[in-house]
Amino acid sequence: MRPFAYARPETLDEAVSLLDEHGSDARVLAGGTDLIIRLRDRTLKPTVVVDVKRLAEFAPSISDLDGKLRISAGTTMTDLMADAKVQRWFPALVEAASIIGSIQIRNRATLVGNQCNASPAADTAPVLLMYGASLVVVGLGGERRIALDDFFVRSGVTNLQPGELVTAIEVPIPEIPIGSAFARRTRRRGHDLASVTMAVSVDAAGRVRMAYGSVGPRPWAFASDGGEPPLEDWFARAAPSPTSMRASPDYRLAMLRVLGQRALASARVRLDAAA
Amino acid sequence: MRISVWVNERHRSVDVEEHHTLLEVLRDDLGLTGTKECCLVGECGACTVRLDDRVVDSCLVLAVEADGASVLTVEGLAHALDDDDLPDLGTAFLEHGAVQCGFCIPGQLLAGHDVLLTHRHPSRGQIEEGIAGNLCRCGCYYQIVDAIEAASKMERDDFPDEAPREETNLPQPPVDQ
């Protein structure tokens, strides 16, 4: 790894000032499971690495407030999987978090980091899109919220501005019963990146929400007002890379439909069980 | 930067380079070469150590991140198992032929230790999930799972030198075995 300066700010103000001062020369370190790989292979060459894990705002925390579940940016996949509120309201998020990497990875990797890394194959991204999540972002100008759907641009690129830091994810708690499910396709069972990711929910009013990833430069989300969801219209957005080594475009498009139907069926069964 | 860490219950104050990983500092600065360097991308688990209360890939942790933390490596594992009144995992590995070339074994042992701490009566599925982040190129997976399963079923009496403990939230031996 190339040498860099290591900063461990103690306050959010200090962290934001550091990020503002160093701009694109600074990189935020949370779990490190993506960042450290890129530092080692030199696809990233920051002069400053800003470790935010010791900020009070980043301490692992999951709380419900004003109808939303707020998940702090220091919350790891392991923390998320063990939380009773997440298990009750957002079971598809537990399903997605629990198949990421290995225990060693899930013990470090954070939910917020998984979004900021903006991999099209990120397992939790379509689930959070399907649940309508927003990010809480802090910069020198103060705090703002950005819908996750407006956050993703393309692989590795988000709408986070230089000097900004994501401090939490907020997920609206369903007001009426819903059933939800996550599904994915990998080359082999176990530790692998997804060829297709799929998240579906259906609520007691018959409204269906779907989001999928790993079939284009970013994950996409769709919603219906009730009645039969126009699945073929939704699937038409998929544009898998012809050069990916994980799966061919034809295979991905076929599996996208299979997983969509399966996840929708699971979500309906779960809705019936919840009602 | 100078960091202060507890490694295998021994306090160490070490000057480390900011861009060095915990793996590099354990092996090169502290001479603890039981922890292995292999894939360096968090896929093989050969560098698994316990950082505070969780197993991690030490190739994906900067040494400076471990400042103030406790680290358990394979060198300290036998003592830690003994301290926690847990079964002798190393002997179980030997008895079940779980070790061929041995390169992955330090990581497998740390992962197996984590299974014993997490589940009182681990199923084979839970053991398989527990070692899913640890590759073995000799293909000893069945024997490794057998060894961890056997260890999980050992009675505490297998440790005649250890006084029984009253309070513990650590795994208890199954009653039906």
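The structure under discussion appears in the preceding block.
Keep in mind that this is a model prediction, so the values were computed, not measured.

1. Quick notes on the overall build of chain B
Counting its regular elements, chain B contains six helices and five strands. Secondary structure of chain B in N-to-C order comes out as β-β-α-β-β-β-α-α-α-α-α. In chain B, once contacts between residues fewer than 6 apart in sequence are set aside, the share between residues at least 24 apart is 59%.

2. Considerations on unusual backbone geometry
All names here are of chain B. Of note, the phi angle at Asn8 is positive, near 50°, even though the residue is not glycine. Within the secondary structure, Asn8 sits in the loop between β1 (2-7) and β2 (10-15). Here Asp52, not a glycine, exhibits a phi torsion of approximately 50°, which is positive. Within the secondary structure layout, Asp52 lies in the loop between β3 (48-51) and β4 (54-57). Residue classification places Asp52 among the partly exposed positions, given that 13 C-beta atoms sit within 10 Å.

3. A closer look at the pairing of strand β10 (residues 165-172) of chain A
Residues and elements named next belong to chain A. With respect to burial, β10 is a largely interior element, six of its eight residues being buried. The sheet contact formed by strand β5 (residues 68-72) and β10 spans five bridges and is antiparallel. The partner of Leu69 across the bridge, within β10, is Val171. Note: strand β6 (residues 134-139) against β10, five bridges, orientation antiparallel. Across the sheet, residue Val137 finds its bridge partner in β10, namely Val166.

4. Concerning the interface of chain A and chain B
Facing 22 residues of chain A, the contacting portion of chain B comprises 23 residues. Secondary-structure elements contributing two or more residues to the side of chain A that touches chain B are β1 (5-7), α2 (35-40) and α6 (103-106) of chain A. Partitioned by chemical class, the residues of the side of chain A that touches chain B number nine nonpolar, nine polar and four charged.

Thresholds applied
- Residues numbered from 1 in each chain as written.
- Chains lettered and ligands numbered in written order.
- Predicted model: local features only at pLDDT ≥ 70, side-chain atom pairs only at ≥ 80, totals over all residues.
- Helix = DSSP H or I, 4+ residues; strand = E, 2+ residues; numbered from the N terminus.
- Contact = placed C-beta atoms within 7 Å.
- Buried ≥ 20, exposed ≤ 12 C-beta atoms within 10 Å, placed from the backbone.
- Pairing = 2+ DSSP bridges.
- Nonpolar A, V, L, I, M, F, W, Y, C, P; charged D, E, K, R; others polar.

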